[in-house]
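# Structural overview
The lines below spell out each chain.
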Amino acid sequence: MKIAASASDYRDLAQRRLPRFLFEYVDGGSYDEVTMRRNRADLRRIALRQRVLRDVSDVDLGVEIFGRRQAMPIALGPIGLAGLLARRGERQALAAAESAGIPFCLSTVSACSLGEVANAASTPFWFQLYMMRDRGFVDALLAEARERGCSALVFTVDMPLPGSRYRDYRSGLAGTPGLRGAARRFGQAMLRPDWAIDVGLMGRPHSLGNVAPLLGRKSGLDDFMAWMRSNFDPGITWRDLEYIRGAWTGPLVVKGILDAEDALAAAAIGADGIVVSNHGGRQLDGVPSTAEALPAIARAVEGRLRIFADGGVRSGLDVARMLCLGADCVLLGRAWAYALGAGGGAAVRHMLSLFEAALRVALSLTGVTRISGLDHDALVG
Ligand SMILES: Cc1cc2nc3c(=O)[nH]c(=O)nc-3n(C[C@H](O)[C@H](O)[C@H](O)COP(=O)(O)O)c2cc1C
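One structure accompanies this document, and this report is about it. (Residues numbered from 1 in each chain as written. Predicted model: local features only at pLDDT ≥ 70, side-chain atom pairs only at ≥ 80, totals over all residues. Heavy atoms only, no water.)

### Describing the site of the ligand
Our working definition: A cutoff of 4 Å decides nearness: a residue is near a molecule or strand if any of its heavy atoms lies inside that distance of it. Here a polar contact means two N or O atoms within 3.5 Å. Within protein one must be a hydrogen donor candidate and the other an acceptor candidate, and residues neighboring in sequence count only if both atoms are side-chain atoms. Accessible surface area values rest on a Shrake-Rupley calculation with a 1.4 Å probe, where residue burial reflects the displayed protein chains alone.
Around the ligand lies a shell of 22 residues, among which Pro78, Ser107, Thr156, Asp310 and Arg334 are the nearest. Interatomic distance of 2.7 Å between a backbone N/O atom of proline 78 and an oxygen atom of the ligand. For the ligand, a nitrogen atom lies 3.2 Å from a polar atom in the side chain of glutamine 128. In isolation the ligand has 600 Å² of accessible area, and contact with the protein removes 98% of it.

What follows is the structure in structure tokens.
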């Protein structure tokens, strides 16, 4: 097996291990994938300022977020259906995050339910909430997240309706309902025997998380995807954010902010954080990259709430770039999904150690010893 030295190596390995419909689901973006590509290209253009001879023998990557110490300013962001990438995958990713000393965020549309993940957790994790038409479902999830001791709620607001991902149509994940679609996916799974045994056979892939009780006996992947597509609520407004703020007393983070005015509005409603995000280029194609949007948003709300960012982050150096642009903490998306798909929790753990090492190099060679030193001064220009 190829040895992975980077998230990009894990992407290659995931492509070889996952059935096509799952790899394309993770790897793809919406429409022509312009924004998805921009996320990576713009971030990589950011030049760090090399400084030397500054005694970097005592580098500390730790940060405190919402009163909790993290080993580094990274969290595993929400990835829907991540549990299909490896057997009971969200549990494996949670364990990897715990051993790296960083938060794990469970998606509303996970393959493992909140309860299953909570039972496996030894430290509190974050929960990501989508606003669904079925408000009873939303209230029940909020109550469960509270009961299970989730330490932050990440409320995703950039999905009033789903953008179109062409690759899902081409692979048979979307647009081919019924037996024909199932047969295409089955055929793809048969070409990936390791995955077919690990997840398809042993992983109970038909018990799909928090949504399963609503689907009853119709709990196949098609039913799940159809439920998701028709249940995102296009009527969502700032009033819903006010409602969520009232219902959730813990730290509340609004995910999917790409505009300074929206960031200020979230702060005014009492959000504790925002995630500057375009959903990894999976929603409105053509919007700016997060690297482009982040500095102005950070200037507008700095000091009023915690600033998280994601989009195109594939190494510890990218994490450093996001921090210099104004983020307090960076969410990983595809990076951890690739590793999970390539080699389960052990691969996620290894990939996080690669991020840690590169982030340490970034601090050392920009001449700072604390994460707070990574600010605009650590950039060229
Ligand atoms: C396969 C996949 C599933 C995702 N599912 C969710 C989700 O359920 N909830 C959510 O808020 N964001 C979701 N996202 C968006 C990520 O949380 C994150 O914003 C994005 O992946 C960051 O971009 P990157 O993957 O380029 O790092 C998903 C992203 C991917 C790639």
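After that view, the rundown keeps rolling.
### Description of the pattern of salt bridges
Pairing between side chains of opposite charge can happen when their charged atoms approach one another. Selection rule: Each salt bridge in this description consists of a side-chain nitrogen of Lys or Arg and a carboxyl oxygen of Asp or Glu lying within 4 Å of one another. Strands here mean DSSP runs of E at least two residues long; helices mean DSSP runs of H or I at least four residues long; both are numbered from the N terminus. Throughout this description, buried means an accessible area under 20% of the type-specific maximum (1.4 Å probe, protein chains only), exposed means over 50%, and partly exposed covers the range between.
This model, assessed by the stated rule, comprises 22 salt bridges. We note a salt bridge from arginine 87 to aspartate 198, for which the minimum N-O separation is 3.1 Å. On the criterion of sequence distance, the pair formed by arginine 87 in the loop between strand 3 (74-76) and helix 4 (89-100) and aspartate 198 in helix 9 (residues 193-201) is long-range, its members being 111 residues apart. Classification of arginine 87 by relative accessible area gives partly exposed; the value is 33%. Note that arginine 88 is salt-bridged to glutamate 116, the shortest N-O span being 2.6 Å. Highlighted residues: arginine 88 in the loop between strand 3 and helix 4 and glutamate 116 in helix 5 (residues 114-120), separated in sequence by 28 residues. In this structure glutamate 116 comes out as buried when scored by relative accessible area, which is 17%. Three or more residues joined by partner-sharing salt bridges are found here, namely Arg11, Asp12, Arg20, Glu24, Asp27, Glu33 and Arg167.

### Considering the sheet that holds strand 7 (residues 252-257)
To be explicit about the condition: At least two DSSP bridges between two strands are required for those strands to pair. We call two residues contacting when some pair of their heavy atoms lies within 4.5 Å. To obtain each axis, a line is fitted to C-alpha atoms, and for helices this fit is confined to the stretch in contact; angles are then taken between N-to-C directions over 0 to 180 degrees.
The strand order across the open sheet formed by 8 strands is 3-10-9-8-7-6-5-4, and the pairing between neighbours is parallel. Edge strands, defined here as strands with exactly one partner in the open sheet, are strand 3 and strand 4 (105-106). As paired strands, strand 4 and strand 5 (residues 126-130) are joined by 2 bridges and run parallel to one another. Of the residues in strand 5, the one forming a bridge with cysteine 105 is tryptophan 126. With respect to the sheet, helix 12 (residues 238-247) is in contact with strand 5, strand 6 (152-156) and strand 7, its orientation differing from that of strand 7 by roughly 155 degrees.

### Comments concerning the side chain of arginine 167
Tracing the sequence through the fold places arginine 167 in helix 7 (residues 166-171). Setting aside anything within four residues of it in sequence, one finds arginine 167 in contact with Glu24, Asp27, Gly28, Glu33 and Met36.

### Focus: the nonpolar core
Condition: The definition of a nonpolar core used throughout is a set of buried Ala, Val, Leu, Ile, Met, Phe, Trp, Tyr and Cys residues joined through side-chain atoms within 4.5 Å.
Judged by nonpolar contacts, the single largest core of 131 residues is most densely connected at Leu76, Phe104, Ile274, Trp336 and Met351. Considering every element that reaches this core, the biggest residue donor is helix 16 (residues 334-366), with 15 residues. Residues in contact with phenylalanine 104, not counting those within four places in the same chain, are Leu76, Glu90, Ala93, Leu94, Ala97, Val117, Phe125, Trp126 and Trp336.

### Remarks on the state of the cysteines
Our working definition: Note on terminology: disulfide denotes any pair of cysteine sulfur atoms within 2.5 Å.
Under the defined criterion, the tally for this structure stands at 0 disulfides. Between cysteine 112, a free cysteine, and cysteine 150, which holds the nearest cysteine sulfur, the sulfur-to-sulfur gap is 14 Å. The class of cysteine 112 is buried, set by a relative accessible area of 0%. You can see cysteine 150 has no disulfide; the closest cysteine sulfur is in cysteine 105, sitting 8.6 Å from it. A relative accessible area of 8% means that cysteine 150 is categorised as buried.

### Here we look at the packing of helix 6 (residues 135-147) against helix 12
Our working rule: Working rule for handedness: look at the near helix, and if it is turned counterclockwise from the far one by less than a right angle, call the crossing left-handed; if clockwise, right-handed. As a working rule, the residues Ala, Val, Leu, Ile, Met, Phe, Trp, Tyr, Cys and Pro are called nonpolar, Asp, Glu, Lys and Arg charged, and the rest polar, with Gly in that last group.
Helix 12 packs onto helix 6 with a crossing angle of 35 degrees between their chain directions and a minimal axis gap of 11 Å. As for the relative orientation of helix 6 and helix 12, their crossing is right-handed in sense. The segment helix 6 lies against helix 12, with Arg135, Val138, Asp139, Leu142 and Arg146 engaging Asp240, Tyr243, Ile244 and Ala247. Of the residues that constitute the contact of helix 6 with helix 12, the class distribution is 5 nonpolar, no polar and 4 charged.

### Considering the packing of aromatic side chains
Rules: Ring pairs are drawn from Phe, Tyr and Trp, using the six-membered ring of Trp, whenever the two centres fall within 6.5 Å, and their geometry is named by plane angle: stacked under 30 degrees, edge-to-face over 60, tilted for the rest.
According to the stated counting rule, one finds 8 aromatic pairs in the structure shown. Residues tyrosine 31 and tyrosine 166 carry aromatic rings whose centres are separated by 5.9 Å and whose planes lie at 80 degrees to one another, so their mutual orientation is edge-to-face. In this pair, tyrosine 31 is assigned in the loop between helix 2 (20-27) and helix 3 (34-45) and tyrosine 166 in helix 7, connecting sequence segments 135 residues apart. Judged by centre distance (5.7 Å) and plane angle (85 degrees), the ring pair of tryptophan 126 and phenylalanine 308 falls under edge-to-face.

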